[in-house]
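As a plain string of letters, each chain reads:
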Amino acid sequence: MKTIYLTIVLAPLIGAIIAGLFDVSRRVAHTVTIAGVGISFFLSLYVFKYIVIDGGAIFNETLYTWLVAGNIRFEVGFLVDQLTATMLLVVTFVSWMVHFYTIGYMHDDKGYQRFFSYISLFTFSMLMLVMSNNYMQLFFGWEAVGLVSYLLIGFWFTRPTAIYANLKAFLVNRVGDFGFLLGIAAVLMYFNSLNYAEVFAQAEQHKNTLIQIIPGQDWSLMTVICILLFIGAMGKSAQFPLHVWLPDSMEGPTPISALIHAATMVTAGIFMVARMSPLFELSPTALAFVITIGAITALFMGLLGLVQNDIKRVVAYSTLSQLGYMVVALGASAYGVAIFHLMTHAFFKALLFLAAGSVIIAMHHEQDIRKMGGLSKYMPITYWTSLIGSLALIGFPGFAGFFSKDLIIEAAHHAHEAGHLGNAGTFAYYAVLSGVFITALYSFRMFFLVFHGKERMDHHTQHHLHETPAVVTVPLIMLAIPSIFAGMIAIEPMIYKDYFGHAISFEHSPFAHKHFVSLFEFMWHGVKQLPFFLAMAGLITAILLYWELSFIPPFFRQIPAILAKKLSIIHQIMLNKYGFDRFNDWFFAGGSRNVGSFLSSAGDATLIDGVFVNGSAKLVAWFAGTVRHVQTGLLYHYAFAMILGLAFFLGTFVLYGSKLI
Amino acid sequence: MSFNLLPIAPEIFLLTMACIILLVDAYLSDESRDLSYQLVQGTLLGTTSLLWLTFPTQKTFILSSLVVIDPMGALLKLFIVATVFVVFVYSRNYLKARNFFKGEYFVLGLLATLGMMTMVSAHNLLIIYLGLELLSLSLYAMVAMHRDSSQATEAAMKYFILGAIASGMLLYGMSILYGVTGSLDLSVIAQKTAQLDGNKTFFAFGLVFLMVGLAFKFGAVPFHMWVPDVYQGAPTSVTMFISTAPKLAAFAMLMRLLIEGLPAMQAEWQQMLVILSVLSMAVGNIIAIVQSNIKRMLAYSTISHVGFLLLGVLTATQTGYAAAMFYTIVYALMGLGGFGMIVLLSRAGFEAENVVDFKGLNERSPWYAFIMLILMLSMAGVPPMLGFWAKLSVLMEAVHTGYLWLALVGVILSVIGAYYYLRIIWMMYFEKPLDNEPIVTTPDMQVALSANGLIILGLGMFPQALMMACVGSIG
């Protein structure tokens, strides 16, 4: 098995190296990378069958010891359990689909080979992240996916907006990574190991350990570690208030938005928290923090989706909101549910992004939904797959998202009822509940504006409208399938059974002691609940406001504009994305620039350069310039100096012996 | 008593050949003077092979214990002869360009070499003095050879008078030792000092005078005043001679007099060396900064290097001595290269003796700029050059023996010293050349100078062999 695991990781890397470092043709570039990821995908399928279905042995071994410093070992090793196997499947499948799709999307781009190299490298990094059995490698994967994300957001590096966006993504992630690194350092300090298994084994002993970071303030060790690690997750998974980079990351090519900024990389934070669940379970404070952050993200980022007009940004805010849902599930101790939603979301969100990309191709890279409309008759495949994706997203019964989202809401409800998280649980419950309505509204707002109604594009574009080629539509169809079925298939084993084994903490899950009756029962139960009605309300509102059907009074279509005018303050706040960007630019970017220039001028130029460096140099030069005059060139002075030296030695050593020094 | 002359065969050969060359040279015309040069170099090569053949494995005393033959001495002699050989290679063109290519120069050089070898092997106060005077007198004459140059004459005069004072002091110290112990033999002196407990005043008195003589020879502060003036005034080829090989001989003399002759006075001479070492490192490194004449700058650089090598000796451990010996040999190699570069850039009627003459060397000749870069980095003690290991080994030994503060002083002063070496590198690479005359050299000079630089780089990467040789010869 070891060989198989190694191959899964290395195949994409080899593809990336060939496509990136050698001057290969376009054909070779996409062939090797697709082959590499394809190999990984099929092997992942095998591993999934071996571990999850057949209950094969869990692999936890160190493959290579990088270095040993004292009693700390830095190792490369794999932990392949049910959680990893699931992630492997999701990552390789979506990545593989995106590889195919890229052939069509990047067809005319000069950086074709570079792009393929990057996405294969990304796949490698992500696999390293999910397969690691220690924090060092986790951090490696964490940073490596961040690096590739940076490279890909700035893929079109001649655009200033792209460079701004990738720098922003990188810097915001630095903030998160700082917390993450501190968390890892704390783990290393108190557990004396970087290996997951060893750390988890000791975790219980440290449950009540208190530490003092600020003297006089006792903090629980587990809370500190978990919150620090979660700060890392907030950066990577774009949680409030570190979410600001994700909408801007849409500057990258659409396949990237699908793969990295929707389906896989941004879910690394969710994965990490699930992986660390034995630690998080020990700190209710950390869980309350997690659930609060998740709830804020889920509700408020969804709201922003309502006012966006860029097709990709709408989907991006939807991604933020959905990540918030996953985080809420984590906070409610329903780790399995979070992973479940991660999986279903990966499929339908990748689908939505790729569909958006398909629309963008057809529209000749026009992304404004106000200039679209009526595309359904030109692009039937994109239309139907988008519909599936949207229904899955809003949680329409039967579709993948229905099951996972319903469970999250139930978990939040449980947290609200149980009260062990205090008000945080209550807040989270109402936030995710209202989020359902908003999700349905913005999803179908976009859907109707793009595919229905009047054709608002210019003539030239309209004339050239046609369905995109097979390399684009086939991945759409391939992703549409799990968007429908993944939920039904996975819900029973994943949530109600001991699917994850010991991979994640299960005993505190709200679903640990419940029984799954049947799929139909679950759905029947679901449609009688509030979330379903909220979703339908959102859908109907969207129909009334945005679907230009003949029997809907045109008055309804005026409502958004009227609301925007009446509530112009709120509208403005939302257009400004609650002012985070402006605040960050002013406070963090401007502030650190000011601090930097102050330190540069006062600290570096004046103190270090001026006083220490040049000052000491001047002192030496002055001293040398003075002392050199002793060297007069006169012989008798020289002889006198010798005699003085002799006299000094005589005086010292003959009179005082050797007691001088 | 056996009368085995074989161990001093190299010295006998050298003396014989020096006399023969003196005679042969008298009958040569100026055009065929190259023959003398070739004979001289042949003699040095012959001496080297004799040294190699008679290389001892252990310490033996011969000629009624007047002479000691040991691995340390043999190794130092090998390096002395090799250094002189290279000095002559570097000098040939320089001398020719100045109508200065005379047999006397080389014969004096050979006699000075003989003096140094005598110093290295001496085990008797008189023999030490004999060797020292043979060396010094030859050097005075060499400095003064450029009779028309007032600068050189002045330098020779200063050197001679100050040298005479130092010699006198050394001799006085020796006479006191003789008066107290009744022997000139170093082993006997060592024995007598060890037996004498309590009052060491007479020994201390003698030791101070001996130390002045030694310090003068090394050019350690405060007995260094002659160094910059002589280095600057003497013809560059002679400066090169004075600044390299005699330091190796002086190191041997220091070892013989202090470690073999006066081990009982260790506490005293250690402290004297501490004073000399600190002052030398400080004065050398700091005053070098303001020098505009590169020969003067290298003179102060020499003084600072002397401070470092004394740092190795004053630890009074076997490792310390080995480190000091390593330092001395490395210093000789670097000094050769440094003055070699000045010779290279000089030509008829032009002495490249100012720091600014190195401006833009990279444009004129990237290769020699690179060699100079190696030399300067090595002198500054930057890894992976040989000079780094030399500094590291003495500093490490100083730390190990508890002289942490001395090591710190050494490090700080070598940081200050790095400035003037780096300044030359800056000038070579980042400034425009002042003159664009092509650099004229001969193939032997090119090969020797390139090898000189590359050896410093190469040995810097693999310093183990040379270091082990030093450790082995001391132990």
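Not measured: the values here are computed from a predicted model. (Residues numbered from 1 in each chain as written. Chains lettered and ligands numbered in written order. Predicted model: local features only at pLDDT ≥ 70, side-chain atom pairs only at ≥ 80, totals over all residues. Heavy atoms only, no water.)

Details of the overall build of chain A
Consideration 1: When helices and strands are tallied, chain A shows 26 helices and 4 strands.
Consideration 2: The burial tally for chain A puts 57% of its 661 residues in the buried class.
Consideration 3: Partitioning the intrachain contacts of chain A with sequence separation of at least 6 by distance along the chain shows that 78% fall at a separation of at least 24.
Consideration 4: With an accessible surface of roughly 27000 Å², chain A has 69% of that area assigned to carbon and sulfur atoms. (Helix = DSSP H or I, 4+ residues; strand = E, 2+ residues; numbered from the N terminus. Buried < 20%, exposed > 50% of the residue type's maximum accessible area, 1.4 Å probe, protein only. Contact = heavy atoms within 4.5 Å. Areas by Shrake-Rupley, 256 points an atom, 1.4 Å probe, with all protein chains shown as cover.)

Focus: the overall build of chain B
Consideration 1: From N to C terminus, chain B includes 20 helices and 2 strands.
Consideration 2: Out of the 475 residues belonging to chain B, those deemed buried represent 65%.
Consideration 3: Restricting to contacts in chain B with at least 6 residues of sequence separation, those with at least 24 account for 80%.
Consideration 4: Just so you have it, chain B exposes about 16300 Å², and 69% of that area is on carbon and sulfur atoms.

A look at the confidence of the model for chain B
Consideration 1: Across chain B, the average pLDDT comes to 91, with 99% of residues at 70 or higher.
Consideration 2: Here the complex is predicted with pTM 0.63, and the ipTM for its interfaces comes to 0.87. (pLDDT = per-residue confidence, 0-100.)

Section: the side chain of A:S333
Residue and element names in this part refer to chain A.
Consideration 1: Mapped onto the secondary structure, S333 falls in the loop between α14 (311-331) and α15 (335-362).
Consideration 2: Separated by 2.9 Å, the side chains of S333 and E281 make a polar contact.
Consideration 3: Not counting residues within four places of it along the chain, the set of residues in contact with S333 comprises E281, L287, H508, S509 and P510. (Polar contact = N/O pair within 3.5 Å; in protein donor to acceptor, adjacent residues only side chain to side chain.)

Describing the nonpolar core
Consideration 1: Of all hydrophobic cores here, the largest spans 221 residues; its most connected members are A:V94, A:Y135, A:L279, A:F280 and A:L375.
Consideration 2: Looking at this core element by element, the count peaks at 20 residues for α15(A).
Consideration 3: Setting aside anything within four residues of it in sequence, one finds A:F280 in contact with A:C226, A:F230, A:V273, A:A286, A:L287, A:V290 and A:Y335.
Consideration 4: Membership of the second largest hydrophobic core comes to 195 residues, among which are A:A639, B:F100, B:M297 and B:I303. (Core = buried A, V, L, I, M, F, W, Y, C linked by side-chain atoms within 4.5 Å.)

Comments concerning the interface of chain B and chain A
Consideration 1: Contact with chain B, which involves 36 residues of that partner, is made by 27 residues of chain A.
Consideration 2: With both sides pooled, the region where chain B packs onto chain A buries about 2800 Å², and carbon together with sulfur makes up 82% of that total.
Consideration 3: On inspection of chain B and its partner chain A, the count reaches 0 salt bridges.
Consideration 4: Connecting chain B to chain A are 1 residue pair in polar contact (both at pLDDT 80 or more).
Consideration 5: Counting only elements with at least two residues in the side of chain B that touches chain A, the list comes to α6 (150-181), α8 (201-218), α9 (226-233), α12 (266-288) and α13 (294-313) of chain B.
Consideration 6: It is α12(B) that provides the largest number of residues to the side of chain B that touches chain A, a total of 9 residues.
Consideration 7: In terms of residue class, the side of chain B that touches chain A is made up of 27 nonpolar, 4 polar and 5 charged. (Buried area = accessible area lost by both parts, 1.4 Å probe. Salt bridge = Lys/Arg side-chain N within 4 Å of Asp/Glu carboxyl O. Nonpolar A, V, L, I, M, F, W, Y, C, P; charged D, E, K, R; others polar.)

Focus on the packing of aromatic side chains
Consideration 1: With the rule as written, the count across this model stands at 64 aromatic pairs over all chains.
Consideration 2: Ring geometry for A:F41 and A:F93: centres 5.6 Å apart, planes at 40°, overall tilted. Separated by 52 residues along the polypeptide, A:F41 in helix α2 (residues 26-53) and A:F93 in helix α3 (residues 82-105) bring together distant segments of the chain. Taken as a pair, A:F41 and A:F93 share a single burial class, namely buried.
Consideration 3: Connected via pairs of aromatic rings, a cluster forms that spans A:Y383, A:W384, A:F444, A:F447, A:F448, A:F451 and A:W547.
Consideration 4: Just above the ring of B:F101 sits the side chain of B:K96; from NZ or CZ to the centre is 5.2 Å.
Consideration 5: A cation over an aromatic ring shows up here: B:R98 above the ring of B:Y94, its NZ or CZ 3.8 Å from the ring centre. (Phe/Tyr/Trp six-rings, centres within 6.5 Å; stacked < 30°, edge-to-face > 60°. Lys NZ or Arg CZ within 6 Å of the ring centre and 35° of its normal.)

Brief notes about the packing of helix α14 (residues 318-345) of chain B against helix α16 (residues 366-380) of chain B
All names here are of chain B.
Consideration 1: Across the interface, α14 lies against α16 with an axial gap of 10 Å and an inter-helix angle of 145°. For the crossing formed where α14 meets α16, the hand is left-handed. Mapping the contact onto sequence places M334, G335, G337, G338, M341 and L344 in α14 and Y368, I371, M372, L375, S378 and M379 in α16.
Consideration 2: Residue composition of the contact of α14 with α16, grouped by class: 8 nonpolar, 4 polar and no charged. (Axes fitted to C-alpha atoms, helices over the stretch in contact; angles between N-to-C directions. Left-handed = near helix turned anticlockwise from the far one by under 90°.)

Some remarks on the pattern of salt bridges
All names here are of chain B.
Consideration 1: For the structure shown, the criterion picks out 26 salt bridges over all chains.
Consideration 2: For D229, the salt bridge identified is with R296, shortest N-O distance 3.3 Å. Note that D229 is positioned in helix α9 and R296 in helix α13, a separation of 67 residues in sequence.
Consideration 3: Looking at D229, the relative accessible area reads 9%, which means it is buried.
Consideration 4: Notably, a salt bridge pairs K295 with E353, separated by 3.6 Å at the nearest N-O pair. Of the two residues, K295 is situated in helix α13 and E353 in the loop between α14 and α15 (361-364); the sequence distance between them amounts to 58 residues. For the pair shown, K295 and E353 are each scored as buried.
Consideration 5: Overlapping salt bridges bring together D34, R92, K96 and D444 as one network.

Re unusual backbone geometry
Consideration 1: Cis geometry marks the peptide bond from B:V221 to B:P222; its omega dihedral reads 10°.
Consideration 2: If you trace the backbone, B:P222 turns up in the loop between α8 and α9.
Consideration 3: Going from B:P383 to B:P384, the amide bond is cis rather than trans, its omega being 5°.
Consideration 4: Looking at the secondary structure, you find B:P384 in the loop between α16 and α17 (386-400).
Consideration 5: Even without being glycine, A:N192 reaches a positive phi, approximately 60°.
Consideration 6: Inspection of the secondary structure puts A:N192 in the loop between α6 (160-191) and α7 (196-203).
Consideration 7: Backbone geometry at B:L63 places phi at a positive 55°, although glycine is not the residue there.
Consideration 8: Position of B:L63 among the secondary structure elements: in the loop between β1 (60-62) and β2 (67-69).

Considerations on the confidence of the model for chain A
Consideration 1: Taken residue by residue, chain A gives an average pLDDT of 85. The fraction at 70 or more is 98%.
Consideration 2: Considering each helix and strand of chain A separately, the mean pLDDT is smallest for helix α21 (residues 519-527) of chain A, with a value of 77, and largest for helix α4 (residues 112-131) of chain A, with 91.

Concerning the packing of α14(A) against α15(A)
All names here are of chain A.
Consideration 1: Direction vectors running N to C along α14 and α15 enclose 175°, while the axes themselves pass 9 Å from each other. Taken together, the axes of α14 and α15 lie roughly antiparallel to each other. Contacts from I311, K312, V315, A316, S318, T319, Q322, Y325, M326, A329 and L330 of α14 reach α15 at Y335, V337, A338, H341, L342, H345, K349, L352, F353, A356, V359 and I360.
Consideration 2: Residue composition of the contact of α14 with α15, grouped by class: 16 nonpolar, 5 polar and 2 charged. (Parallel < 35°, antiparallel > 145°, perpendicular 65-115°, else oblique.)

Some remarks on the environment of A:L393
Consideration 1: Tracing the backbone through its elements, the reader meets A:L393 in helix α16 (residues 380-394).
Consideration 2: Those residues within four positions of A:L393 in sequence are excluded, and the remaining contacts are A:S318, A:Q322, A:F348, A:K349, A:L352, A:K405, A:T439, A:Y442 and A:S443.

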